Amino acid sequence: MRSIWAVATNTIRQALRLKIAAAFIILLLILLPVMGVSVTGDGTLKGRLQTFISYGLSLTSILLCLLTIVVSAYSLTSDIKQRQIYTVITKPIRRFQFLLGKLLGVALLDIALLFLFSIIIYGIAVFMPRFYNATVTELTEVNNEFYTARADLAPPDIDVSKEVEEVYNKLKKAGQLPETMSYNEIIKQLTSVTKLERRAVAPGYILPMLFTGIKPIDPNESLFIRFKYDVAVTPTDSQIIGRWQVGDYRQIRYGEKSDTPIYDATYKHSVRTIHEIEVPASVVPADGRLCVAFTNPPINNTVVFFPIEDGLEVLYKADTFTGNFVRAVLLICFRLVFLASLGILAASFLSFPVAILFCLVIFFTATFSNFVIESFNFLGRNLSSVYSYTVKPVIQLLPQFDKFNPTKFLIPARLLSWILVAKAAAFMVCIKSLLLLLIALLIFSFKEIAKIIV
Amino acid sequence: MDYAIETFSLTKIFSDWWGRDKVIAVDDLNLQIRYNEVFGLLGPNGSGKTTTLKLLLGLLYPTKGRSVILGGDGADPKINARIGFLPEESYLYRYLNARETLDFYGRIFGLPAKVRKMRIESLLDMVGLKAVANRPVGTFSKGMARRIGLAQALINDPDLLILDEPTTGLDPIGTRQIKDLILKLAERGKTILLCSHLLADVEDVCDRIAILYGGRIQAEGKVKDLLLQTDKKQIITSGLSDTAVNRIRQILRDEHAQCEVTSPLDKLETFFIKTVATAQEQAQPTSGAVSTTQIGDFLAAASSKDNILDKLVSATVSKETPMEAPKTRQVIPTEVPEREPDKDLLSKLTKTVEPAQPKPVIQNEKVKTEPVEPKTFEKEHVKKNILDRLTGRFTERDKHREQAEEDKSQTGDAGDA
C-alpha cells in the first residue's frame, strides 16, 4: 500500500511540475469567472444561469477529460520510454501496484481539480442573482425552475397492443395495409397513433390522468404541470382555454370525499409551446396517487391533444439544487475515472501519441454513444446474428457519456436521481473501468519492461 | 554451495516483429557469484552485459534457462527488497530534487519516515550532493546524476548491489570514490555485481571477473590469477645507490637473467588526484572551485562513511536477521579464509583517500607501483633465490607464494613511509 501511495504522489507531482495540468487549470480558472460575467442566455436571469451552468460544467468536464487522458497516458509511457521504470520496478513493488499507483494518482488529481472547479461553478451560480439586481418575479422564477431538483413524472404508459392488433387485423382484412412497410413498422405507427388518441380531448370532454408515486419533499412547495397543447385546427389567436383540476384521484374521478384540497383553475395558453402551471404541493394525497384532469371547453371548438414525447408531465421538487449539483459532479467524476483507466490501459501497450489518439477516439465515440449505437443498430439489422455477436458487444462496452450527461438535468432543474448515479457508477466504474484495468494489468504484468520495440 | 547469483544456461534471443531470431544477446550463460564477492562482468559494447543484468532483475524474460538471485526470483518483491540496482544510466525523475528522489525510492521500500530521513541525509552526505539536494535532478550533470543514482541503489542497505557501469560520466575523483565505496561495502559483507568495460575500474575492485563476448563467457576467474605473470618478478625499493644497482645487475648477470632498472611511473589517476589536492590546498580561485569543494565534502564524508554505513546496517539488522541468519552462517566459514588477505590489502588501498592525512596518501601512492609497467620487466627472469639473497629477510615467503603480491605492496608501504 505504501508503495502504491508513493507512486501515486509521484504521479501527481509529475503532472503538476511538468506543467501538463497547468494549461488546463489556468484556462479554467480564467474562463469560468469570465463566463459567469459574460453569459446572457435569453436575457433573463434564468437564461443566464442555465447558459452558465451548461457551458461551465461542459467545459470543465471536457477539459478535465482531456487532461485525464493526457496525464494517465503520459505518466506511464514516459516512465517506460525514459526508463525510470527500470529503477522503480526493480524495487519491491509489484507491477499491479505500480499501475494502481498511477491510476490512483491520476484519479486523485482529477478529484481535486474537479472539486475546485465545481466549487467555483457552484459559487458563481448561487451568487449570480446578486450581481444582476434581479427583480422579485425573476427570483421566484429561478427559485422554482432553476435552484431546485424537480422529479418529473409522465402519465403512465398505456398498453395499447390489443387495440393495435385489432386495427391491424381489420386493415388486413380490408386489404388496406400499405405494401411498402414491414409488419413492425406498421405496428409501430399504429401504436403511436393509438397512444395519441388516448391523449386527445374532444371539445366538451375531460381527460383525467393518473400519476402515482409522487412524493414532494415539502407540502408548502409547489407542483408544476408541464404541458404542450397540440390541436387539430389552430384557433385564430393560437390560444387554447383549458380548465385544470389537480388533486386526489378518487375525488376527481369517482367523487369520493378527500382530505386534500383540489386545485381548480382555468387558463389561456398558446399552442405548441411548453407551459408550466404552478400548483401547491398540498394537493398531493398521502398515497401519492394524483389526478390531473384537463377539460377542453366547447368554446375551443377543436380537439386538443398532448404530444407523446413532452406533452404532459408533473414536476415536483424532490431535492435541492445543491444535492442535484453534487450528483452531477459525481457523474463527471465517474467519467474521469473511466478515462483514467482507459489511459492507463492504452499506455500499457502503446506509445504516447498512439495512446492519446486511441483514448480520444474512444472519448468522442462515448460522447456521441447514442448516435453511434443507433447507427450500428441500423446498419447491422440485415446481418443480425453476425452483428449481435461481434460488433454489438464491443459497442456496448463503450461508456455512454451522453446518457449520463449532467447538464441535461441541471438546465431544466430535473432531479438527477441517486439511482441514475448508482447506475453510472456501476456501468462506468465498476464494470467498464475495472475491465479496462484488468486488461491493463494483464498486459503490463507479462510485458518485458526493458524490451525496446522499434 | 550457495551462490548469491546463479544462472543456468541463461539465454536471451531478441526476435523481430515477425518472430524471427535477430540477436543472440546472451548465450547459454552459466554464472556463479558467491556471497560477499565483488564480481566484475566485462566485455566490449554489445556483449550482453546489460542484458544479463536485466534478465537477472526480471526486466527482460529469458528465452531459455533461468536465474536464481539471493535464493529466489529477481522479480519477487521480497528479493528486490535486498537488491540495489544502478542501471547503465541514472534514469531519474527530472522534476524531483535529489532529496525527493531518494525519498520516493525509500517510500517504495516502505521505510518508515524516520529511517528514511536519516538514510537520505547520510546518503546525500556520502555522495556529496548535500549542497544541491534541493535542485531538480533534471538540472544535474551526468556525474551528479550518477551519484544520486548510486545513492538510490543504496537506500535500502542492500545485500546485493548490481551496478551497471557505475563510473561512467564521473570525474577521476568520483570514480575513485565509487571504487573505494565498493570496497568498503564489500568489507561490510555485501555482494557486488559490477558491469563495466572500464578495465582499470574492474581491476581495482573486483575479486573475480568474467569476460563476455557474444553473450558467452570467454574467461572467468580471480583477477589475480588471471593477471599474474608467473614467470616474472618485480622488485620495488626506495632510494637505491648506483653501486647497489650495479651490484644487482652483476648478480643477475651471473644468473643469466636480463633486467631493466627504471623509476616506476605514477598512475595518471593518482597524479590527477594529487594535483587537485594541491590546488585545493592553495585555494586557487577557479571556476572549477565548485567541484573541488564538493570533493572536499565528499572526502570528509568518506571518512565518516563508516559511521553512516554502520548506522545503515544497524538500522536494518533487527528487521532482516531472521530471514538471513541461516544463509550467513553457511557462508562465513567458507568465505573467511579467502577474504582475509584481501581485506588487509583493500584497507591499505582505501587508506589512500583518507583526507585527514593528505601527505601519506601521496607518498603511499607514489610507491604503490604494483603492475605499473609490465613491459619494463618483459624479458626479466628473476629466480626466487636471488630475491632471497637480495632482501634476506623474506625467507618465509617461499611458503606463501600466493601472498607475494600483497607483501610486495606492504614492503613498499614500509619502505617509503
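Conventions and cut-offs
- Residues numbered from 1 in each chain as written.
- Chains lettered and ligands numbered in written order.
- Predicted model: local features only at pLDDT ≥ 70, side-chain atom pairs only at ≥ 80, totals over all residues.
- Helix = DSSP H or I, 4+ residues; strand = E, 2+ residues; numbered from the N terminus.
- Buried ≥ 20, exposed ≤ 12 C-beta atoms within 10 Å, placed from the backbone.
- Contact = placed C-beta atoms within 7 Å.
- Pairing = 2+ DSSP bridges.
- Axes fitted to C-alpha atoms, helices over the stretch in contact; angles between N-to-C directions.
- Expected span 1.5 Å × (residues − 1).
- Bend = angle between axes of the 7 residues up to and from the residue.
- Parallel < 35°, antiparallel > 145°, perpendicular 65-115°, else oblique.
- Left-handed = near helix turned anticlockwise from the far one by under 90°.
- Nonpolar A, V, L, I, M, F, W, Y, C, P; charged D, E, K, R; others polar.
- Core = buried A, V, L, I, M, F, W, Y, C linked by C-beta atoms within 7 Å.

## Section: the overall build of chain A
Phase 1: A count of helical and extended segments in chain A gives 16 helices and eleven strands.
Phase 2: The C-alpha extent of chain A, read off along each of the three principal axes, is 85 × 65 × 40 Å.
Phase 3: Expressed as a percentage of the 454 residues in chain A, the buried residues total 36%.

## A few points about the overall build of chain B
Phase 1: If you tally the helices and strands in chain B, you get 15 helices and ten strands.
Phase 2: Counting every position in chain B, which comprises 417 residues, the buried fraction comes to 35%.
Phase 3: Within chain B, counting contacts between residues at least 6 apart in sequence, those at least 24 apart form 74% of the total.

## Things to note about the sheet that holds strand 8 (residues 274–280) of chain A
Residues and elements named next belong to chain A.
Phase 1: Judged by pairing direction, the sheet is antiparallel, and its four strands sit side by side in the order 1-11-4-8 without closing on themselves. Edge positions in the open sheet fall to strand 1 (149–153) and strand 8, since each of these has one partner strand only. On average, each strand axis in the sheet is inclined to that of its neighbour by 30 degrees, with strand direction left out of account.
Phase 2: Pairing of strand 1 with strand 11 (residues 312–319) involves five bridges; the strand directions are antiparallel. Of the residues in strand 11, the one forming a bridge with Ala 149 is Asp 319.

## Here we look at helix 5 (residues 95–131) of chain A
Phase 1: With 37 residues, helix 5 of chain A extends 53 Å from end C-alpha to end C-alpha; this agrees with the ideal 54 Å at 1.5 Å per step.
Phase 2: By the largest-angle criterion, Ala 125 of chain A marks the main kink of helix 5 of chain A, which is about 30 degrees, and a proline, Pro 129 of chain A, follows within four residues.

## Here's the deal with the sheet that holds strand 10 (residues 216–222) of chain B
In a beta sheet, neighbouring strands are held together by backbone hydrogen bonds and run either parallel or antiparallel to one another.
All names here are of chain B.
Phase 1: Overall, mixed pairing links the six strands, which are arranged 6-7-8-4-9-10 in an open sheet. Taken across any chain shown, the strands that pair with only one partner, and hence form the sheet edges, are strand 6 (83–86) and strand 10. Pairs of neighbouring strands in the sheet enclose a mean axial angle of 15 degrees, with direction left out of account.
Phase 2: One ladder, built from four bridges, connects strand 6 with strand 7 (residues 160–164); its direction is parallel. Along strand 7, the bridge assignment pairs Ile 83 with Leu 160.
Phase 3: Taken strand by strand, helix 6 (residues 172–187) contacts strand 4 (38–42), strand 7 and strand 8 (191–196), and its axis lies near 155 degrees from that of strand 8.

## Considerations on the packing of helix 3 (residues 45–81) of chain A against helix 10 (residues 321–349) of chain A
All names here are of chain A.
Phase 1: Where helix 3 meets helix 10, the axes come as close as 8 Å, and the angle between the chain directions of the two elements is 25 degrees. Judged by the angle between their axes, helix 3 and helix 10 are roughly parallel. Helix-helix and strand crossings are classified by hand; for helix 3 and helix 10 the assignment is right-handed. Listed contacts from helix 10 to Leu 57, Ser 61, Leu 64, Cys 65, Thr 68, Ile 69, Ser 72, Ala 73, Leu 76 and Thr 77 of helix 3 are Ala 328, Ile 332, Arg 335, Leu 336, Leu 339, Ala 340, Gly 343, Ile 344, Ala 346, Ala 347 and Ser 348.
Phase 2: Its residues assigned to classes, the contact of helix 3 with helix 10 shows 14 nonpolar, six polar and one charged.

## What to know about the interface of chain A and chain B
Phase 1: Listed by partner, the interface residues are 23 residues for chain A and 24 residues for chain B.
Phase 2: Mapped by element, the contributors of at least two residues to the side of chain A that touches chain B are helix 1 (2–17) and helix 4 (84–89) of chain A.
Phase 3: A per-element tally of the side of chain A that touches chain B places helix 1 of chain A first, with seven residues.
Phase 4: Considered class by class, the residues forming the side of chain A that touches chain B number eight nonpolar, seven polar and eight charged.

## Focus on the environment of Phe 352 of chain A
Residue and element names in this part refer to chain A.
Phase 1: For Phe 352, the location among the structural elements is in helix 11 (residues 352–367).
Phase 2: Through-space distance from the C-alpha of Phe 352 to that of Lys 403 is 29 Å; in sequence the pair is 51 residues apart.
Phase 3: Those residues within four positions of Phe 352 in sequence are excluded, and the remaining contacts are Ala 73, Tyr 74, Thr 77 and Ser 78.

## Description of the environment of Phe 404 of chain A
Residues and elements named next belong to chain A.
Phase 1: Assignment of secondary structure puts Phe 404 in the loop between helix 14 (391–397) and helix 15 (407–410).
Phase 2: With 24 C-beta atoms packed within 10 Å, Phe 404 lands in the buried category.
Phase 3: For the pair Phe 404 and Phe 364, spaced 40 residues apart in sequence, the C-alpha to C-alpha distance is 14 Å.
Phase 4: Discounting residues that sit within four places of it in the chain, Phe 404 has contacts with Leu 331 and Ala 424.

## Some points on unusual backbone geometry
All names here are of chain A.
Phase 1: Even without being a glycine, Arg 272 presents a positive backbone phi close to 60 degrees.
Phase 2: Among the secondary structure elements, Arg 272 is positioned in the loop between strand 7 (263–270) and strand 8.
Phase 3: Taking the C-beta count within 10 Å as the criterion, Arg 272 has 12 such neighbours and is therefore assigned exposed.
Phase 4: At Ala 413, a position not held by glycine, the phi torsion is positive, near 55 degrees.
Phase 5: If you trace the backbone, Ala 413 turns up in the loop between helix 15 and helix 16 (418–446).

## A few points about the nonpolar core
Nonpolar side chains tend toward joint burial in soluble globular proteins.
Phase 1: Among the nonpolar cores identified, the biggest contains 185 residues, and Ala 73 and Cys 359 of chain A together with Ile 148, Ile 192 and Leu 194 of chain B are the most heavily contacted of them.
Phase 2: If near-sequence neighbours (up to four positions away) are discounted, Ala 73 of chain A is found in contact with Gly 343, Ala 346, Ala 347, Phe 352, Ala 355, Ile 356 and Cys 359 of chain A.

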